[in-house]
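# Overview (structure and organization)
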Amino acid sequence: MVQGGIGMIDIRQVNKIYPGKNGKIAAVSDVNLHINKGEVFGIVGYSGAGKSTLLRCINLLERPTSGEIFIDDTNLTNMSIQELRQARQSIGMIFQGFHLASSKTAAENIAFSLQVAGMPAKKRHERVKELLELVGLADKADHFPAQLSGGQKQRVSIARAIANNPKVLLSDEATSALDPSTTKSILNLLKKINEELGITIVLITHEMEVVKEICHRCAVMQDGKVIEEGRTYDIFSNPKNDLTKKFIETILEFNIPKELMATCTGTLVKLQFEGNIANEAIVSDMLQAYPVSGNILHGKIEYIRDEPLGIFIMELLGKSDAIKEALAYLEKRMKQVEVIQHGRNH
Ligand SMILES: Nc1ncnc2c1ncn2[C@@H]1O[C@H](COP(=O)(O)OP(=O)(O)OP(=O)(O)O)[C@@H](O)[C@H]1O
Ligand SMILES: [Mg+2]
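It should be emphasised that the depicted structure is a prediction, and the values quoted were computed from it without experimental measurement. (Residues numbered from 1 in each chain as written. Chains lettered and ligands numbered in written order. Predicted model: local features only at pLDDT ≥ 70, side-chain atom pairs only at ≥ 80, totals over all residues. Heavy atoms only, no water.)

## Section: the nonpolar core
Core analysis: the largest hydrophobic core is formed by 56 residues, its most contacted members being I110, L132, I158, L169, L190, M208 and F236. Residues from two domains meet in this core; each of domain 1 (9-90 + 166-250) and domain 2 (258-341) gives at least three. Beyond its immediate stretch of four places on either side in the chain, L169 contacts G92, M93, I94, A161, I162, L190, I199, T200, I201 and V202. Among the nonpolar cores identified, the runner-up in size contains 30 residues, and I11, L60, L84 and I91 belong to it. (Core = buried A, V, L, I, M, F, W, Y, C linked by side-chain atoms within 4.5 Å. Buried < 20%, exposed > 50% of the residue type's maximum accessible area, 1.4 Å probe, protein only. Domains from an automatic or database assignment. Contact = heavy atoms within 4.5 Å.)

Quick look at the structure:
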């Protein structure tokens, strides 16, 4: 194995084709992705999009029908079974269903992967203790999986996955079975592992909330293909593909009640603020410069990782010429201005 790399992943022209009863199924189709070392990279898509298949291709649990997988300049697709077994120790994996051995305690579940890697018993004991502390389960060492909550079970499986200091952690819907607050605590743990240990994380999910919370960059998959990829903030603030827009809507969309729309006589406009807008008085400048008045009907600021993205719906009142000019002014200063209902009685 090449030394010195710390978790850069290159997925080159990967295809995975399954034989199906009614012809071949292209589960993964011509996928090219470059995942930087130290990055949290999300892959989203509906059921059947090919997310799990692609993830399993990364550690060659599935052998791609064609294409190559590189981790730190090492081509995994060329390796012998023995080399691959060795290489897999630097790739941890966690799952929605935890995959813990029910007859083993939390400590024993974690110790098992150290044992497989050949760590002597005494060192194992210390390492397990360290890992249990890292994932916040120091007091649950002797609990069996059945005695642990879903979140705690996922913590055990995370400890097990990172036990051998992997460069890469693959996560297949690790939070999908958990309630929102447990999801948040597991995402915080993954964030900590990424930041403090520098482990590259590739996670797949159907929840945009998960991507929003921890992914630096993400890709959207549909029918085996990557249809859009980019910085998570850019995907949220400026989605290009219709499916991506649909995913984003689950977080950003809100509807003004019909009754309220009906009573508004002014022009309703949706404004999107990107980045640090606290110091920018775009709206108040506009209200001062043009003879219009405005009411904020709805406002929402979402933090994409830590960057704010604000969406406001305003009603603008005034003569139609003044409104036109005010809108032109806003369009000049902001990336996204959308009239959602034209004014009446002007
Ligand atoms: N072992 C297999 N044999 C045949 N077809 C398969 C196999 N594994 C997956 N597929 C097919 O490949 C496609 C992609 O499946 P995959 O499990 O990768 O999707 P997914 O995006 O992970 O979906 P989900 O969100 O439901 O987990 C599906 O059409 C699936 O039926
Ligand atoms: Mg899946």
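There is more to say, and it comes next.
## Focus: the domain arrangement of the protein
Where interface size is quoted, it is often the accessible area lost as the parts come together. Under the domain assignment, the protein is made up of domain 1 (9-90 + 166-250) and domain 2 (258-341). The centre of domain 1, based on its C-alpha atoms, is set 37 Å off from the matching centre of domain 2. On the side of domain 2, 13 residues touch domain 1, which itself brings 14 residues to the contact. Around 1000 Å² of area is buried between domain 1 and domain 2 when both sides are counted, 46% of it from carbon and sulfur atoms. Together, K212, Y233 and S237 form the three largest contributors to the area buried by domain 1 at its contact with domain 2, with a combined 61%. Our count for the contact surface shared by domain 1 and domain 2 stands at three salt bridges. Notably, a salt bridge pairs E307 with R231, separated by 3.4 Å at the nearest N-O pair. (Buried area = accessible area lost by both parts, 1.4 Å probe. Salt bridge = Lys/Arg side-chain N within 4 Å of Asp/Glu carboxyl O.)

## Regarding the sheet that holds strand β7 (residues 168-172)
Neighbouring strands of a sheet are bound in pairs by backbone hydrogen bonds; such pairs are parallel or else antiparallel. Sheet architecture is open: six strands sit in the order β6-β7-β8-β3-β9-β10, paired in mixed fashion. Taken across any chain shown, the strands that pair with only one partner, and hence form the sheet edges, are β6 (91-95) and β10 (225-231). Neighbour-to-neighbour, the strand axes of the sheet open up by a mean angle of 15°, direction not taken into account. Where β7 and strand β8 (residues 200-205) come together, five bridges link them in parallel fashion. (Pairing = 2+ DSSP bridges. Helix = DSSP H or I, 4+ residues; strand = E, 2+ residues; numbered from the N terminus. Axes fitted to C-alpha atoms, helices over the stretch in contact; angles between N-to-C directions.)

## A short note on the site of ligand 1
Residues in close proximity to ligand 1 include Y18, A27, Y46, S47, G48, A49, G50, K51, S52 and T53, which together make up its full environment. The separation between an oxygen atom of ligand 1 and a polar main-chain atom of A49 is 3.1 Å. The separation between an oxygen atom of ligand 1 and a polar side-chain atom of S52 is 2.8 Å. Computed on the free molecule, ligand 1 has an accessible area of 640 Å², of which 59% lies beneath the protein chains in the complex. Residue contributions to the shell around ligand 1 peak at three residues, all from helix α1 (residues 51-58). Along the lines of polarity and charge, the residues of the shell around ligand 1 split into four nonpolar, five polar and one charged. (Near = heavy atom within 4 Å. Polar contact = N/O pair within 3.5 Å; in protein donor to acceptor, adjacent residues only side chain to side chain. Areas by Shrake-Rupley, 256 points an atom, 1.4 Å probe, with all protein chains shown as cover. Nonpolar A, V, L, I, M, F, W, Y, C, P; charged D, E, K, R; others polar.)

## Remarks on the environment of R333
Tracing the chain through its elements places R333 in helix α12 (residues 320-333). For R333, a relative accessible area of 34% puts it in the partly exposed group. At 2.7 Å, the side chain of R333 and the side chain of Y329 are in polar contact.

## Observations concerning the packing of aromatic side chains
Across all of its chains, the model carries three aromatic pairs by this definition. Consider the rings of Y290 and Y329, whose centres lie 5.6 Å apart with planes at 55°: the pair is tilted. Here Y290, found in the loop between α11 (282-289) and β12 (293-304), pairs with Y329, found in helix α12; they are 39 residues apart in sequence, far enough to count as distant. Accessibility classification places Y290 together with Y329 in one group, the buried group. One Lys or Arg, R12, reaches over the ring of F70 and ends 3.8 Å from the middle of that ring. Taking the ring centre of F112 as reference, the NZ or CZ of K104 above it sits at 4.8 Å. (Phe/Tyr/Trp six-rings, centres within 6.5 Å; stacked < 30°, edge-to-face > 60°. Lys NZ or Arg CZ within 6 Å of the ring centre and 35° of its normal.)

## Things to note about the side chain of R124
With respect to the element layout, R124 can be found in helix α4 (residues 121-134). As a buried residue without a salt bridge, R124 has its nearest oppositely charged side chain in E108, at a separation of 10 Å. Looking at R124, its side chain comes within polar contact range of the main-chain oxygen of M119, at 2.8 Å. Apart from residues no more than four positions distant in its own chain, R124 is found in contact with A111, L114, Q115 and M119. (Lys, Arg positive; Asp, Glu negative; His and termini not counted.)

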